[in-house]
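In case you want the letters, here they are:
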Amino acid sequence: MTIRRMMFVLAVPDLERSAGFYRDVLGFEIREIGDPGWRMFVRDECRIMAGRCPDAIPAAQLGDHSYFAYLVVNDIDPYYERAASAGAEITKALASEPWGMREFGLRTIDGHRIMVGQDLRAT
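As a starting point, this report considers the structure included with it. For every chain, the first residue of its written sequence is number 1, and the numbers climb from 1 along that sequence. Per-residue local features of the predicted model are confined to residues with pLDDT of at least 70, and side-chain atom pairs are confined, for both listing and counting, to 80 or more; whole-chain, interface and lining totals are unaffected and use all residues. For the side-chain quantities, the full set of heavy atoms in the structure was used; hydrogens and water were omitted.

**Quick look at the layout of surface pockets**
Once rolled over the atoms, a probe with the size of a water molecule shows which space is left empty.
Then comes step 1: In this analysis the probe radius is 1.4 Å and the grid spacing 1 Å, with only protein atoms considered; a cavity is a set of points the probe fits into but cannot get out of, a pocket is an open set with protein on both sides within 12 Å along at least five of seven lines, and lining residues have an atom within 4 Å of a point. Grid points are joined across faces, edges and corners, and a volume is the space filled by probe spheres set on the points. Of the pockets and cavities examined, the largest pocket occupies roughly 400 Å³.
Then comes step 2: Along its surface, the largest pocket is lined by 14 residues, and R43, C46, L71, V72 and V73 are the ones closest to its centre.
Then comes step 3: In the lining of the largest pocket, the residues fall into nine nonpolar, one polar and four charged.
Then comes step 4: Each pocket or cavity is described by its volume, and for the second largest pocket that value is around 150 Å³.
Then comes step 5: If you trace the second largest pocket, you find it lined by A11, V12, P13, C53, P54, A56, I57, P58, A59, L62, D110 and H112.
Then comes step 6: Here the residues of the lining of the second largest pocket sort into 10 nonpolar, one polar and one charged. Residues are sorted three ways: Asp, Glu, Lys and Arg are charged, Ala, Val, Leu, Ile, Met, Phe, Trp, Tyr, Cys and Pro are nonpolar, and all the rest, Gly among them, are polar.

This is the structure:
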């Protein structure tokens, strides 16, 4: 058995607001997938399926369980600048860490948390 791709599935209270955040702040393409309650957010090899769930527990109330992804990128500094200048809530400032990653954390408009890192050993 081989895992061929990974996708994330998120419950969001306002699908259009979430789509705007992923498009405008994080640079994802927004795709319709045939159901008005769902969208696919796509950037390179990353896929995030977002479903409209207005009655779900808000991600911000989940504490550490609100983390859902660690995205590994090849050029983190411009991506950090893009996210920060577009108004993303930065939860961890960009820093080079002793474990060999240059990384930062952010919280989405829905309260989900994402870590973004670049492997310094690969450069």
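**Section: the sheet that holds strand β5 (residues 67–72)**
Then comes step 1: With mixed pairing, four strands are arranged side by side in an open sheet as β5-β8-β7-β6. Among the strands making up the open sheet, the edge pair consists of β5 and β6 (89–96). Taken over all neighbouring pairs, the strand axes of this sheet differ in orientation by 15° on average, direction set aside.
Then comes step 2: In this structure, β6 lies alongside strand β7 (residues 101–107), joined through five bridges in antiparallel fashion. Here the rule is simple: two strands pair whenever DSSP picks up at least two bridges between them. A run of H or I in DSSP counts as a helix once it spans at least four residues, and a run of E counts as a strand once it spans at least two, with each numbered from the N terminus. Lines fitted to C-alpha atoms define the axes here, with helix axes fitted over just the stretch in contact, and angles between the N-to-C directions of these axes take values from 0 to 180 degrees.

**Points about the environment of D77**
Then comes step 1: Mapped onto the fold, D77 is located in helix α2 (residues 76–85).
Then comes step 2: Residue classification places D77 among the partly exposed residues on the basis of a relative accessible area of 34%.
Then comes step 3: Expressed as a C-alpha distance, the spacing of D77 and R5, which sit 72 residues apart in the sequence, is 26 Å.
Then comes step 4: Setting aside residues up to four positions removed in sequence, D77 forms contacts with L94 and R102.
Then comes step 5: One polar contact links D77 to R102, side chain to side chain, over a distance of 2.9 Å. Each residue's exposure class comes from its accessible area (1.4 Å probe, protein chains only) as a fraction of the maximum for that residue type: buried when under 20%, exposed when over 50%, partly exposed otherwise. The contact rule is simple, with two residues in contact once any of their heavy atoms fall within 4.5 Å. For this analysis, a polar contact is any N or O atom pair within 3.5 Å, provided that within protein one partner can donate a hydrogen and the other can accept it, and provided that sequence-adjacent residues contribute only side-chain to side-chain pairs.

**Looking at α2**
Then comes step 1: For α2, the full list of buried residues reads I76, Y79, Y80 and A83. Buried residues of α2, viewed axially, fall in a sector of 100°; they line one side.
Then comes step 2: Along its buried surface, α2 packs onto β3 (38–43), β6, β7 and β8 (113–119).
Then comes step 3: Trailing α2 by a residue or two, G87 shows a phi angle of about 100°, which is positive. Throughout, the arc means that of the directions going from the helix axis to the C-beta atoms.

Taken by themselves, the reported measurements are silent on function.
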